[in-house]
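If you want the building blocks of each chain, they are given just below.
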Amino acid sequence: MTTETDQTDKVFSALADKSRRKVVEMLHKKDSTILELSEAFTMSFQALSKHIKILESAGIIAKKKEGKFVICSLDHEALKNSLKWISYHSNFWNESFNKLDKLIKKEKDGK
Amino acid sequence: MGSDNKVYVERMFECAPEALFEWLTKPELIAQWFGPEGFSTGRIKNTIEEGGSYQIELRKNGKVVFEIYGEYVEINKPIGIKFTYTYNGLDNPPPPSVVQFRIFEAKSGQAMLSMLQEFEVETPDFATRTKAWKFMFERLFQLI
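So, a few notes on the structure that sits alongside this text. If you're wondering where the values come from, they're calculated on a predicted model, not measured in any experiment. (Residues numbered from 1 in each chain as written. Chains lettered and ligands numbered in written order. Predicted model: local features only at pLDDT ≥ 70, side-chain atom pairs only at ≥ 80, totals over all residues. Heavy atoms only, no water.)

**Let's talk about the overall build of chain B**
Threshold: Only DSSP runs of H or I reaching four residues or more are called helices, and only runs of E reaching two or more are called strands; each is numbered from the N terminus. The buried label applies to any residue whose accessible area, calculated with a 1.4 Å probe on protein chains only, is under 20% of its type's maximum; exposed applies above 50%, and partly exposed to all values in between. Any two residues whose heavy atoms approach within 4.5 Å are treated as being in contact. In short, Shrake-Rupley with a 1.4 Å probe defines the accessible areas, and a residue's cover is counted only from the protein chains shown.
Across its full length, chain B holds four helices and eight strands. In chain B, the succession of helices and strands from N to C terminus is β-β-α-α-β-β-β-β-β-β-α-α. Here chain B, with 144 residues, has 43% of them falling under the buried criterion. Long-range contacts, defined here as pairs at least 24 residues apart, represent 36% of the contacts in chain B between residues at least 6 apart. With the model as given, the accessible surface of chain B reaches about 7300 Å², and the carbon-plus-sulfur share is 49%.

Here it is in structure tokens:
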């Protein structure tokens, strides 16, 4: 089973690469075939396909077949979860500080 | 409160800044509060000096899940600490970040703590690289 955390880890890992970020930026502007995407890169078609596979595995992009072509599009839901990850850290500190607050109050009351 | 690549939390504590500084720096005190609900700390090591390192294990149900480690970048007793913050033990760890604690004396017997955590890449990179990305993140924030 893939948890939301696993999925978010995958998203961050996938987006750590500059070329993959460029793919995502391009798909944000419009859905494209791999061939169309490859025109913006100097890397081989095969290398680009590998990057696309990683983005697909992270759930960032989806592929669908239209006639002879495979169209890549952006999946905004995966990126939405990454933003939730930022709020995870906000909770991390808030909950830690709640504990600290209780400890300080307890110490004060004990004096 | 969070924005792009930053997490910011402010909190008032009923103690003097000097006491709060101790809670943030002494291993036996950090052990009692660090970590979200459901987690406890394991081994904690630190050397409180600029360039000194720290390491904090986080456990769930008695098992070490991951550890956080880093280096103290700035120590300004009792008003501030800045340190790097990196995860270890996860297959795909979150990006490294820098955490900055600032302590202010609000009034006698009360200290205000501000915590700013800034992540190095990923989300900030996306949020600032192009206008298109800014637009997309604004739209996503509205959806969440």
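**Topic: the sheet that holds strand 1 (residues 32–33) of chain A**
Either a parallel or an antiparallel arrangement is found when strands of a sheet pair, and the pairing is made through backbone hydrogen bonds. Residue and element names in this part refer to chain A. Rules: Any two strands between which DSSP finds at least two bridges are classified as paired. Fitted lines through C-alpha atoms give the axes, limited to the stretch in contact for helices. The angle between two N-to-C directions lies from 0 to 180 degrees.
Read from one edge to the other, the open sheet built from three strands follows the order 1-3-2, with strand pairing classed as antiparallel. Two strands bound the open sheet, and with one partner strand each, they are strand 1 and strand 2 (61–66). Where strand 2 meets strand 3 (residues 69–74), six bridges bridge the pair, whose relative direction is antiparallel. The residue bridging Lys63 from the neighbouring strand is Cys72, located in strand 3. In the packing of helix 2 (residues 18–29) onto the sheet, contacts are made with strand 1, strand 2 and strand 3, and the angle to strand 3 comes to roughly 95°.

**Structural notes on the pairing of strand 3 (residues 40–46) of chain B**
In the sheet, strand 3 of chain B pairs with strand 4 (residues 53–60) of chain B via five bridges, with the strands oriented antiparallel. From the neighbouring strand, Ser40 of chain B faces strand 4 of chain B, where its bridge partner is Arg59 of chain B.

**Quick word on the environment of Ala31 of chain B**
All names here are of chain B. With respect to the helices and strands, Ala31 occurs in helix 2 (residues 27–33). According to the relative accessible area criterion, Ala31 is partly exposed, its value standing at 31%. Ignoring sequence-local partners within four residues, the contact set of Ala31 consists of Thr41 and Ile44.

**Observations concerning helix 4 (residues 45–57) of chain A**
All names here are of chain A. The criterion, for reference: Under the convention used throughout, the expected extent of a helix is 1.5 Å for every residue step, that is, one less than its residue count. Directions from the helix axis toward the C-beta atoms define the arc.
With 13 residues, helix 4 ought to run about 18 Å at 1.5 Å a step, and its terminal C-alpha atoms sit 18 Å apart, in line with that. For helix 4, the set of buried residues is Leu48, His51, Ile52 and Leu55. Down the axis, helix 4 shows its buried residues gathered within 100° of arc, on one side only. For helix 4, exposure combined with an orientation more than 90 degrees from the buried face picks out Gln46, Lys50 and Lys53. Positive backbone phi, at 80°, marks Gly59, one or two positions downstream of helix 4.

**Here's the deal with the packing of aromatic side chains**
Residues and elements named next belong to chain B. Spelled out, the test is: What counts as a ring pair is set by centres within 6.5 Å for rings of Phe, Tyr and Trp (its six-membered ring), and what kind of pair is set by the plane angle: stacked under 30 degrees, edge-to-face over 60, tilted for all other angles.
Within this structure, the stated rule accounts for 18 aromatic pairs over all chains. Their ring planes at 70° and their centres at 5.8 Å tell us that Trp33 and Phe34 sit as a pair that is edge-to-face. On the basis of relative accessibility, which here comes to 1%, the residue Trp33 falls in the buried class. Look at Phe34 and you get buried, because its relative accessible area is 5%. Between Tyr72 and Phe83 the ring centres are 6.1 Å apart and the planes differ by 65°, which places this aromatic pair in the edge-to-face class. Of this pair, Tyr72 sits in strand 5 (residues 63–76) while Phe83 sits in strand 6 (residues 80–88), and the two are eleven residues apart along the sequence. We classify Phe83 as buried; its relative accessible area is 7%.

**Considerations on the pairing of strand 2 (residues 6–13) of chain B**
Residue and element names in this part refer to chain B. Residues Val7, Val9, Arg11 and Phe13 of strand 2 are buried on one face, while the alternating residues Lys6, Tyr8, Glu10 and Met12, pointing to the opposite face, are not. Bridge count between strand 2 and strand 8 (residues 110–119): eight bridges; the pairing is antiparallel. Bridged to Arg11 within strand 8 is Leu113.

**Looking at the side chain of Gln110 of chain B**
Within the secondary structure, Gln110 of chain B sits in strand 8. If sequence neighbours within four positions are ignored, Gln110 of chain B has contacts with Met12, Phe13, Glu14, Cys15, Phe104 and Glu105 of chain B.

**A word on the side chain of Thr25 of chain B**
Residues and elements named next belong to chain B. Short version of the rule: In the analysis that follows, any N or O atom pair within 3.5 Å is treated as a polar contact, provided that within protein one partner can donate a hydrogen and the other can accept it, and provided that, for residues neighboring in sequence, both atoms belong to side chains.
Mapping Thr25 onto the fold places it in helix 1 (residues 17–25). A relative accessible area of 7% means that Thr25 is categorised as buried. At a separation of 2.7 Å, a polar atom in the side chain of Thr25 contacts the main-chain carbonyl oxygen of Phe21. Aside from chain neighbours lying at most four places away, what touches Thr25 is Ile30, Asn46, Ile48 and Ile81.

By themselves, these figures tell us nothing about what the structure is for.
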